[in-house]
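Each chain is listed here by its residues.
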Amino acid sequence: RVQELGALNTISQLIVSQSDLPQVFERVGDEIRKIFDADFGYFALYNAETHLVEFPYVVDDNKRIEIPSLPLGEGITWQVMTTGEPLLITHGSDEEYARMGAVDAGDGVSPNSLMTVPIRVGENSLGAISVQRVAVERQFTADDLKLLTTIATNIGVALDNLRLAQDTQRRV
């Protein structure tokens, strides 16, 4: 519990210390991957203007990679965003991911364990956060899912506050 509170405190400090959205994603994403010892992680955001799911932060094996934007309705991320329900997979298989409509990040490796949670503000889904592990012996737990969900809630509030601040700046 102490570790969880420490992680939340660190994430909260990173969120409020940055006003530049790309830096927020970079620093918070790196911290989330560290907290969960994840091989792969990303932020996905819904762009209401283009009607695409965009990936402003994606890291695979400690390397930044690009994932092209996806149309609505594709992939696990979209499912989590539309249902608003977090997803925990342990002992995932290629067949299971294919059945769920998962989109490969390009390396051809399916994670053994995956958590994807929605980033929400009230009833609105802004996007999703996902962390993944390849090794069979390193499974995410229900407690991990609760912590990531709490982090995503904090990020949703921070993104909404940033949007409101930017709207106010534009009006002034």
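This text follows the structure it describes.
Residues numbered from 1 in each chain as written. Predicted model: local features only at pLDDT ≥ 70, side-chain atom pairs only at ≥ 80, totals over all residues. Heavy atoms only, no water.

Draft legend 1. The arrangement of the overall build of the chain in detail. When you go through the chain residue by residue, the secondary structure sums to five helices and seven strands. In the chain, the order of α-helices and β-strands from amino to carboxyl end is α-α-β-β-β-β-α-β-α-β-β-α. Computed over C-alpha atoms, the radius of gyration of the chain comes to 16 Å, within 12% of the 16 Å expected from 2.2 N^0.38 for 172 residues, which places it in the range of a compact globule. Taking all 172 residues of the chain together, 42% fall into the buried category. Considering only contacts within the chain whose residues lie at least 6 apart along the sequence, 57% involve residues at least 24 apart. Accessible area for the chain stands at about 9,400 Å²; split by element, carbon and sulfur atoms hold 51% of it. In the chain, 14 positive and 25 negative side-chain charges are present, and the distance between their average locations comes to 6 Å. (Helix = DSSP H or I, 4+ residues; strand = E, 2+ residues; numbered from the N terminus. Rg over C-alpha atoms; globule rule 2.2 N^0.38 Å. Buried < 20%, exposed > 50% of the residue type's maximum accessible area, 1.4 Å probe, protein only. Contact = heavy atoms within 4.5 Å. Areas by Shrake-Rupley, 256 points an atom, 1.4 Å probe, with all protein chains shown as cover. Lys, Arg positive; Asp, Glu negative; His and termini not counted. Charge placed at Lys NZ, Arg CZ, Asp CG, Glu CD.)

Draft legend 2. Here's a closer look at helix α2 (residues 21–35). Its 15 residues give α2 an end-to-end C-alpha distance of 21 Å, which sits within 8% of 21 Å, the value for a rise of 1.5 Å per residue. Every buried residue of α2 is listed here: Val24, Phe25, Val28, Gly29, Glu31, Ile32 and Arg33. One or two steps after α2, the chain reaches Asp37, where phi turns positive at roughly 50°. (Expected span 1.5 Å × (residues − 1).)

Draft legend 3. Up close: the pairing of strand β6 (residues 113–121). Counting buried positions over the nine residues of β6 gives seven, a clear majority of the element. Summarising the sheet, β6 and strand β7 (residues 124–133) pair through nine bridges and their orientation is antiparallel. Counted as the bridge partner of Leu114 is Gln132 from β7. Linkage of β6 to β7, two consecutive antiparallel strands, is achieved through a turn of two residues, within which Gly122 is found at a positive phi near 60°. (Pairing = 2+ DSSP bridges.)

Draft legend 4. Spatial organisation of the packing of aromatic side chains. In total, this model carries six aromatic pairs according to the counting rule given. Relative to Phe55, the ring of Tyr42 has its centre 5.4 Å away and its plane inclined at 75°; by these criteria the two rings are edge-to-face. Placement of the pair is Tyr42 in strand β1 (residues 40–47) and Phe55 in strand β2 (residues 52–60), with a sequence separation of 13 residues. (Phe/Tyr/Trp six-rings, centres within 6.5 Å; stacked < 30°, edge-to-face > 60°.)

Draft legend 5. Highlighting the nonpolar core. Core analysis: the largest hydrophobic core is formed by 26 residues, its most contacted members being Ile32, Phe36, Phe43, Ile129 and Ile155. At the level of secondary structure, the elements contributing two or more residues to this core comprise α1 (2–16), α2, β1, β2, β6, β7 and α5 (142–171). A total of seven residues in this core trace back to one element, the largest contributor, which is α5. Once residues lying within four places of it in the same chain are set aside, the contact partners of Ile129 are Ile32, Tyr42, Phe43, Met115, Thr116, Val117, Ile119, Leu148, Ala152 and Ile155. Ranked by size, the runner-up nonpolar core spans eleven residues in total, among them Phe40, Ile67, Trp78 and Ala128. (Core = buried A, V, L, I, M, F, W, Y, C linked by side-chain atoms within 4.5 Å.)

Draft legend 6. Main features of the environment of Glu96. Mapped onto the elements of the fold, Glu96 is located in helix α4 (residues 94–100). Residues in contact with Glu96, not counting those within four places in the same chain, are Ile89 and His91.

Draft legend 7. The arrangement of the pairing of β7 in detail. Most of β7 sits inside the fold, with seven of its ten residues counted as buried. Inspection of the sheet shows β1 paired to β7 by six bridges, in the antiparallel sense. Within β7, the residue paired with Gly41 across the bridge is Val131.

Draft legend 8. Inspection of the side chain of Gln139 at higher detail. Relative to the helices and strands, Gln139 is located in the loop between β7 and α5. A polar atom in the side chain of Gln139 sits 3.1 Å from the backbone nitrogen of His91. Setting aside residues up to four positions removed in sequence, Gln139 forms contacts with Thr90, His91, Asn112, Ser113, Arg133 and Asp144. (Polar contact = N/O pair within 3.5 Å; in protein donor to acceptor, adjacent residues only side chain to side chain.)

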